[in-house]
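# Structure assessment
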Amino acid sequence: AQRVTQPEKLLSVFKGAPVELKCNYSYSGSPELFWYVQYSRQRLQLLLRHISRESIKGFTADLNKGETSFHLKKPFAQEEDSAMYYCALSEWHFGNEKLTFGTGTRLTIIP
Amino acid sequence: DAGVTQSPTHLIKTRGQQVTLRCSPISGHKSVSWYQQVLGQGPQFIFQYYEKEERGRGNFPDRFSARQFPNYSSELNVNALLLGDSALYLCASSALVRTYEQYFGPGTRLTVT
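Residues numbered from 1 in each chain as written. Chains lettered and ligands numbered in written order. Predicted model: local features only at pLDDT ≥ 70, side-chain atom pairs only at ≥ 80, totals over all residues. Heavy atoms only, no water.

### Some words on the nonpolar core
Soluble globular proteins tend to pack their nonpolar side chains together in the buried interior. One finds W35, L72 and Y85 of chain A to be the most contacted residues of the largest nonpolar core, which totals 25 residues. Sorting elements by how many residues they give to this core places strand β9 (residues 83–93) of chain A first, with 4 residues. (Core = buried A, V, L, I, M, F, W, Y, C linked by side-chain atoms within 4.5 Å. Buried < 20%, exposed > 50% of the residue type's maximum accessible area, 1.4 Å probe, protein only. Helix = DSSP H or I, 4+ residues; strand = E, 2+ residues; numbered from the N terminus.)

Written out as structure tokens, the structure is:
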């Protein structure tokens, strides 16, 4: 069964410091991975997906199949980055999809 | 567009009762997915519907059911409520059957007493 692990429930980083949110996955097939973010009092929203290889709000994430990881990184943290971050994995079989989320990491940027 | 809307916002039910939650997707979106989010956990996938057909199902008991209407809105039904069903229920819509980009609603907070 597929599984997504986010080992840190809480992460505090000083403003201007690098940020890395860890995500490891367990899946036998070819994974489709995403990062979702939830800012205070806002809805859950897509931050980025590995398939598009884009950088959103300065964040990037590289899929490492050897280490089965999809860590989220940003070189210089900003106060507005404080939020709840969820890693998610999509499993697709014969036209049916199942999306599995990790337990989330609450990122706090210290001014 | 108001985005994905869900009703009601909050709901309190008693054990053994039945509940129906509603979701309206973004205009033009044909896929609706339902998630349960227990406090302190990530969203857990319950169902996906696309073009009124079930296209994905998570590990939930048969007490959970859903359907999608011709206008692509959806209902999630939960029968014989248990205390453990207390959670935030999220609905998400996407344009395609593959949920490359889902748009989430604000959720319905269900409390079972």
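From this point, the narrative continues.
### Some words on unusual backbone geometry
Residue and element names in this part refer to chain B. For the bond running from S7 to P8, omega is -10 degrees, close enough to zero to count as cis. Within the fold, P8 resides in the loop between β1 (5–7) and β2 (10–13). For Y72, which is not glycine, the phi torsion reads 75 degrees and is therefore positive. Within the secondary structure, Y72 sits in the loop between β7 (64–68) and β8 (74–78).

### Here we look at the state of the cysteines
Counting across every chain of the model gives 2 disulfides over all chains. Through a disulfide, C23 of chain A is tied to C87 of chain A; the S-S separation comes to 2.0 Å. As the torsion about the S-S bond is roughly -65 degrees, the C23 of chain A-C87 of chain A disulfide counts as left-handed. Here C23 of chain A, found in the loop between β3 (19–21) and β4 (24–26), pairs with C87 of chain A, found in strand β9; they are 64 residues apart in sequence, far enough to count as distant. Assigned by exposure class, C23 of chain A and C87 of chain A land together as buried. The disulfide bridge from C23 of chain B ends at C91 of chain B, spanning 1.8 Å between sulfur atoms. Handedness of the C23 of chain B-C91 of chain B disulfide follows from its S-S torsion of about -60 degrees: it is left-handed. Taken together, the residues C23 of chain B in strand β3 (residues 19–24) and C91 of chain B in strand β9 (residues 87–94) connect sequence positions 68 residues apart. Judged by its relative accessible area of 0%, C91 of chain B is buried. (Disulfide = S-S within 2.5 Å.)

### Overview of the layout of surface pockets
For the largest pocket, the calculated volume is near 480 Å³. What lines the largest pocket is a set of 24 residues, and nearest its centre among them are Q38, M84, Y86 and R106 of chain A together with Q37 of chain B. Contributions of two or more residues to the lining of the largest pocket are made by β9 of chain A together with β9 of chain B. For the lining of the largest pocket, the element with the highest residue contribution is β9 of chain A, accounting for 3 residues. Here the second largest pocket defines a volume of roughly 360 Å³. K98, T100 and F101 of chain A together with Q44 and N59 of chain B are the residues nearest the centre of the second largest pocket, which is lined by 21 residues in total. Of all the secondary-structure elements, those providing two or more residues to the lining of the second largest pocket are β1 (3–5) and β10 (96–101) of chain A together with β5 (44–50) of chain B. With 4 residues, β10 of chain A is the single largest residue contributor to the lining of the second largest pocket. Tallied by class, the residues present in the lining of the second largest pocket amount to 8 nonpolar, 10 polar and 3 charged. (1 Å grid on protein atoms, 1.4 Å probe; cavity = no way out; pocket = protein on both sides within 12 Å on 5 of 7 lines; lining within 4 Å. Points joined across faces, edges and corners; volume = space filled by probe spheres on them. Nonpolar A, V, L, I, M, F, W, Y, C, P; charged D, E, K, R; others polar.)

### Digging into the sheet that holds β7 of chain B
All names here are of chain B. In spatial order, the strands read β1-β3-β8-β7; together these 4 strands make up an open sheet with antiparallel pairing. With partners counted over all chains shown, the strands left at the sheet margins are β1 and β7, one partner each. Neighbour to neighbour, the strand axes of the sheet diverge by 15 degrees on average, direction disregarded. Two elements, β1 and β3, share 3 bridges in a ladder whose sense is antiparallel. The partner of T5 across the bridge, within β3, is S24. (Pairing = 2+ DSSP bridges. Axes fitted to C-alpha atoms, helices over the stretch in contact; angles between N-to-C directions.)

### Examining the sheet that holds β3 of chain A
Residues and elements named next belong to chain A. The 3 strands are arranged β3-β8-β7 in an open sheet whose pairing can be described as antiparallel. On the outer flanks of this sheet lie β3 and β7 (60–61), each paired with one strand and no other. In the sheet, β3 pairs with strand β8 (residues 72–74) via 3 bridges, with the strands oriented antiparallel. Among the inter-strand pairings, E20 is bridged to a residue of β8, identified as K73.

### Observations concerning the environment of L110 of chain B
All names here are of chain B. Here L110 is to be found in strand β11 (residues 108–112). In this structure L110 comes out as buried when scored by relative accessible area, which is 1%. Along the sequence, L110 and S31 sit 79 residues apart, while their C-alpha atoms lie 23 Å from each other. Among all residues touching L110, those that are not within four sequence positions of it are L11, K13, V19, L81, D85, S86, A87 and Y89. (Contact = heavy atoms within 4.5 Å.)

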